[in-house]
Amino acid sequence: MIKKIAGLCITLLFLGLIFYKIDMANVISVLKLFHVSHLPYIVLFYLAALGLRGVRWKLFLGNGAKYSWLHLAEISTVGTMLNIFIPARAGDLFRAYYIGKVKGEKKLKVFGSVILERLFDGTAIFLILLFAVKRFFSSSEVINVTTTLAGCLFLGSLATAFLIFRSFDAVNKIFDFFENKLFNKNRKPENFFYKLKQHTLSFSEGFSILKDNKTLVLSFLYSLAIWLLECIVVYFIINSFEIAFSLSAALFVLTLTTFSTMLPSTSIFLGPFQGAYILALSIYGADKEMALAISVVHNLILMTIVSVIGLICLLKYNFKTGKNTSNS
């Protein structure tokens, strides 16, 4: 409840700042400039990014033969759709539950792989932002400090996960040590510490790729490729209005809007997303009305793509038995 109230307050705050002294006539006039001829390119590159997410997720899950990259891409898209419309990252929980059920996999292991995916995404986005800042705004102290703080967050999180979960045996030994000290005479499967150990070990299996340097590097390259594809999508969107923006503008829009979705807000990320868009394009001289209009089109296009694919896949697998789905 507290998170919902905080999300609503943040949304209203951003909307208040966005619509304060705004000329809606100018917003509408910019919307009319949109060229639908760019849509095929937007859809093509965005679908490529969604497909590559399935390839990467398969790698996170051990690259086993029982997994299909296409099936994983579909379920990942369903999860993204649910994250857009339902708060508390419900889509991530759905992915863990669904794949765990239909593939006979540990749900906490799958959830661990989803968390690892978020860490890789955040790190890739940070590096893209770092490149953009150093290349185009190296003299801005505020932007550099903000970028550094974002980098500390994601690189620190990934490094922590690397240190903790790289050695599965180390995690197991730590639990064994405390279990022997605390429950030496009561080592029953039903005690709390035993269950905590099993759950933690299952979750840590989702980070197993951290033990393989080759797979680790490949996963990171996939992450960069995914976000570069999404950057191309943003580039086509912001240049669909008879207004020429550089690739660096797309880099800033992508990174700032992605970080904005981490703030508590209502569904469809209303408020922070538009605020981040306005901030990013203001660097390039775009006024509030222009940036707001482009952000509305951006949000509408990508939500439509994700929703259409997500609903089709949700219906497709909802009417199949676990046995049939697991062979997808």
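Details of the structure are given in the entry above.
Residues numbered from 1 in each chain as written. Predicted model: local features only at pLDDT ≥ 70, side-chain atom pairs only at ≥ 80, totals over all residues. Heavy atoms only, no water.

1. As for the packing of aromatic side chains
Argument step 1. Applying the stated criterion across every chain yields a total of eleven aromatic pairs.
Argument step 2. Residue placement shows Arg 95 over the ring face of Trp 57; its charged tip is 4.1 Å from the ring centre. (Phe/Tyr/Trp six-rings, centres within 6.5 Å; stacked < 30°, edge-to-face > 60°. Lys NZ or Arg CZ within 6 Å of the ring centre and 35° of its normal.)

2. Notes on the side chain of Glu 117
Argument step 1. Structurally, Glu 117 is set in helix H6 (residues 107-136).
Argument step 2. With residues near it in sequence (within four places) discarded, Glu 117 still touches Arg 53, Arg 56, Trp 57, Phe 60 and Arg 95. (Helix = DSSP H or I, 4+ residues; strand = E, 2+ residues; numbered from the N terminus. Contact = heavy atoms within 4.5 Å.)

3. Let's talk about the environment of Thr 215
Argument step 1. Turning to its location among the elements, Thr 215 is positioned in helix H10 (residues 213-238).
Argument step 2. Taking the C-alpha atoms as reference, Thr 215 lies 10.0 Å from Asn 63; in sequence the two are 152 residues apart.
Argument step 3. What Thr 215 contacts, discounting residues up to four positions off in sequence, is Leu 59 and Ile 209.

4. Details of unusual backbone geometry
Argument step 1. Positive phi, normally seen in glycine, also occurs at Asn 63, with a value near 60 degrees.
Argument step 2. Tracing the sequence through the fold places Asn 63 in the loop between helix H3 (39-60) and helix H4 (69-85).
Argument step 3. Asn 63 gets classed as partly exposed once you look at its relative accessible area, which sits at 46%. (Buried < 20%, exposed > 50% of the residue type's maximum accessible area, 1.4 Å probe, protein only.)

5. A few points about the pattern of salt bridges
Argument step 1. Enumeration over the complete set of coordinates arrives at eleven salt bridges.
Argument step 2. Between Glu 105 and Lys 66 there is a salt bridge, with its nearest N and O atoms 3.4 Å apart. With Glu 105 in the loop between helix H5 (90-102) and H6 and Lys 66 in the loop between H3 and H4, this residue pair connects regions lying 39 residues apart in the sequence.
Argument step 3. Judged by relative accessible area, which is 14%, Glu 105 ranks as buried.
Argument step 4. Judged by relative accessible area, which is 39%, Lys 66 ranks as partly exposed.
Argument step 5. Between Lys 316 and Glu 74 there is a salt bridge, with its nearest N and O atoms 3.3 Å apart. With Lys 316 in helix H13 (residues 288-318) and Glu 74 in helix H4, this pair connects stretches of sequence that are 242 residues apart.
Argument step 6. Given the relative accessible area of 37%, Lys 316 is considered partly exposed.
Argument step 7. A relative accessible area of 12% means that Glu 74 is categorised as buried.
Argument step 8. The structure contains a network of salt bridges with shared partners spanning Arg 53, Arg 56, Asp 92, Arg 95, Glu 117, Arg 118, Asp 121 and Glu 230. (Salt bridge = Lys/Arg side-chain N within 4 Å of Asp/Glu carboxyl O.)

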